[in-house]
Amino acid sequence: MGKTNNILYVMSGQNFQDEEYFESKKIFESAGYKTEVSSTFIGTAQGKLGGITNIDLLFSEVDAVEFDAVVFVGGIGCITLWDDWRTQGLAKLFLDNQKIVAGIGSGVVIMANAKILEGINVSCLPADESHVRHGNANIMSENVVVSGNIVTANGPASSKDFANAVVGVLNSLS
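The present account deals with the structure reproduced in this document. Being a predicted model, the structure only gives us computed values, none of them experimental.

In this structure, Glu-20 sits in helix α1 (residues 18-30). There is no salt bridge for the buried Glu-20, and the closest opposite charge comes from Lys-48, which lies 8.3 Å off by N-O distance. Apart from residues no more than four positions distant in its own chain, Glu-20 is found in contact with Val-73, Gly-74, Gly-75, Ile-104, Gly-105, Gly-155, Pro-156 and Ser-159.

Written out as C-alpha cells, the structure reads:
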C-alpha cells in the first residue's frame, strides 16, 4: 500500500508528556499529516501539564497499513506501557510493515522492550538509559537520532527537532 499521510500516536491516557505530543502534532499536521491517538481506553487523555486530547483508537483497533508512522510518546504515565505486550506488538508490527517507528522521551523504552533497537543508534532520556541499554541499543549523545526508519529523541526539549526528523524521513520515502 502507498503512503497514507497518517501518523499514529501511542501514549498513556494519563500523564503523557504534553510537549512531546502537542509540539510534534503541530509540526506533523502543518506538514500535511493527519494524526490519531491510541491508548488503553477511548476517551480523553490528560497530560502531566494539564493538556487534553481525544483518544481515537484502542491498541487492539490499530491497523499498521492505515498509517505511515507510529510515535511513542513519553511522560510519567508511559511507564505503565513499558511492559505492555500491546504497545510492544505495535512497535514490531510497524517495523515489520516497513513503517517509521519513532519514540521520544520515555516512549523509547517501549521500543527497547519490544527488542527492535538491538544494535541501533538511539537517543533517550538520561534517566531511561539503563532500560534502553537492556534492549541492547547504542545510546548516542545527540538529542535526536535517525537510524533508517527508526527515529528517537531524548525528551520534551527536543520535540520540534524530533517531529521535523520524522517528517524528513517520511518525505524521503514518498
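Right, let's talk about α1 for a bit. Here α1 contains 13 residues, and its C-alpha end-to-end distance of 18 Å stays within 8% of the 18 Å for a straight helix at 1.5 Å per residue. Looking at α1, one finds that the buried residues are Asp-18, Glu-20, Tyr-21, Ser-24, Ile-27 and Phe-28. A positive phi of about 95° marks Gly-32, the residue just after α1.

Let us now look at helix α2 (residues 85-96). Along its 12 residues, α2 runs 16 Å from first to last C-alpha, staying within 8% of the 16 Å computed at 1.5 Å per residue. Gln-98 lies just past α2 and shows a positive phi near 55°.

The next thing to look at is the pattern of salt bridges. Opposite charge on two side chains permits pairing when their charged atoms draw close. Applying the stated criterion across every chain, the model contains six salt bridges. Note that Glu-36 is salt-bridged to Lys-34, the shortest N-O span being 3.6 Å. We note a salt bridge from Arg-133 to Glu-129, for which the minimum N-O separation is 3.2 Å. A residue pair is termed a helical-turn pair when its members lie 3 or 4 positions apart in one helix, as Arg-133 and Glu-129 do in helix α4 (residues 129-134) at four residues. When its relative accessible area of 26% is taken as the criterion, Glu-129 is described as partly exposed.

Procedures and definitions
- Residues numbered from 1 in each chain as written.
- Predicted model: local features only at pLDDT ≥ 70, side-chain atom pairs only at ≥ 80, totals over all residues.
- Heavy atoms only, no water.
- Helix = DSSP H or I, 4+ residues; strand = E, 2+ residues; numbered from the N terminus.
- Buried < 20%, exposed > 50% of the residue type's maximum accessible area, 1.4 Å probe, protein only.
- Lys, Arg positive; Asp, Glu negative; His and termini not counted.
- Salt bridge = Lys/Arg side-chain N within 4 Å of Asp/Glu carboxyl O.
- Contact = heavy atoms within 4.5 Å.
- Expected span 1.5 Å × (residues − 1).

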